Amino acid sequence: MSEMDIECPHCGTKFKVQIDGDFSNMMVFPCARCQTPLMCYHGEVSELDREEFSKLREKLSKVLNVVMRQDGTVGEVANALKKLVDVSNARADEREQNHTVITDDELDALQKDLADLDVDAFLSKL
């Protein structure tokens, strides 16, 4: 079993990833805490943007649909992976709907407050 330490660039959570076998050059998985899509490429962890992740899910769905048509255990594995992709798609849609965008005016106000207030007062205001 192989083990790798990961730190989410989005929320800073540190966790271990264990897989049966060796790590591949590229792996995609969600953060254990915030569910942000992460990509580990040659040991470097980065956050996948929504468009990038959507394209990967779309390509994987196409491949899985073809493999699922085959008989035997490969089809069963593909069916299990397809369910995981469907869950991932649902989570991505949910995150997209709940995604709030901060305006430039709101950002300016936060930066002004940060400059004017001490840290405790700034955090309590949030």
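**With respect to the overall build of the protein**
Scanning the protein from N- to C-terminus turns up 4 helices and 5 strands. Sequence-ordered secondary structure for the protein, helices as α and strands as β, is β-β-β-β-β-α-α-α-α. Taken over 126 residues, the protein has a buried fraction of 22%. Per element, the accessible surface of the protein, about 9500 Å² overall, is 52% carbon and sulfur.

**Here we look at the state of the cysteines**
Within this structure, the stated rule accounts for 0 disulfides. With no disulfide of its own, C31 lies 3.7 Å from the sulfur of C34, the closest cysteine sulfur. Judged by relative accessible area, C31 falls into the buried class, the value being 0%.

**A look at the confidence of the model for the protein**
Averaged over the protein, the pLDDT score is 79; the fraction of residues at 70 or greater is 90%. Per-element averaging of pLDDT across the protein places helix α2 (residues 73-97) at the bottom with 73 and strand β5 (residues 44-47) at the top with 87.

**Regarding the pattern of salt bridges**
Taken as a whole, this structure holds 4 salt bridges when the rule is applied. Its salt-bridge partner being K62, residue E58 comes within 3.7 Å of it at the nearest N-O pair. Of the two residues, E58 and K62 are both situated in helix α1 (residues 50-68); the distance of 4 residues between them amounts to about one turn of the helix. Judged by its relative accessible area of 46%, E58 is partly exposed. Overall, the relative accessible area of 53% leaves K62 in the exposed class.

**Examining a negative patch on the surface**
The grouping of D104, D105, E106 and D108 at the surface amounts to a negative patch. Given a relative accessible area of 45%, D108 falls into the partly exposed group.

**As for the side chain of S2**
Within the fold, S2 resides in strand β1 (residues 2-7). Apart from residues lying up to four places away in sequence, S2 is in contact with V17, Q18, I19, G21, D22 and F23.

**Notes on the pairing of β1**
Along any regular strand, the residues point their side chains to alternate faces of the sheet. Here β1 shows one buried face, formed by S2, M4 and I6, and one open face, formed by E3, D5 and E7. Judged from the 6 bridges that link them, β1 and strand β2 (residues 14-19) form a sheet pairing that is antiparallel. Pairing of M4 across the sheet is with V17, part of β2.

**Comments concerning the sheet that holds strand β3 (residues 26-30)**
In spatial order, the strands read β3-β4-β5; together these 3 strands make up an open sheet with antiparallel pairing. Of all the strands in the sheet, just β3 and β5 have a single pairing partner and so form its edges. Each adjacent strand pair in this sheet contributes to an overall mean axis angle of 25°, direction not counted. Bridge analysis of β3 against strand β4 (residues 37-41) gives 5 bridges, and the strand direction is antiparallel.

Conventions adopted
Residues numbered from 1 in each chain as written. Predicted model: local features only at pLDDT ≥ 70, side-chain atom pairs only at ≥ 80, totals over all residues. Heavy atoms only, no water. Helix = DSSP H or I, 4+ residues; strand = E, 2+ residues; numbered from the N terminus. Buried < 20%, exposed > 50% of the residue type's maximum accessible area, 1.4 Å probe, protein only. Areas by Shrake-Rupley, 256 points an atom, 1.4 Å probe, with all protein chains shown as cover. Disulfide = S-S within 2.5 Å. pLDDT = per-residue confidence, 0-100. Salt bridge = Lys/Arg side-chain N within 4 Å of Asp/Glu carboxyl O. Patch = residues over 30% accessible without salt bridge, like charges linked within 9 Å, V, L, I, M, F, W, Y side chains within 5 Å. Lys, Arg positive; Asp, Glu negative; His and termini not counted. Charge placed at Lys NZ, Arg CZ, Asp CG, Glu CD. Contact = heavy atoms within 4.5 Å. Pairing = 2+ DSSP bridges. Axes fitted to C-alpha atoms, helices over the stretch in contact; angles between N-to-C directions.

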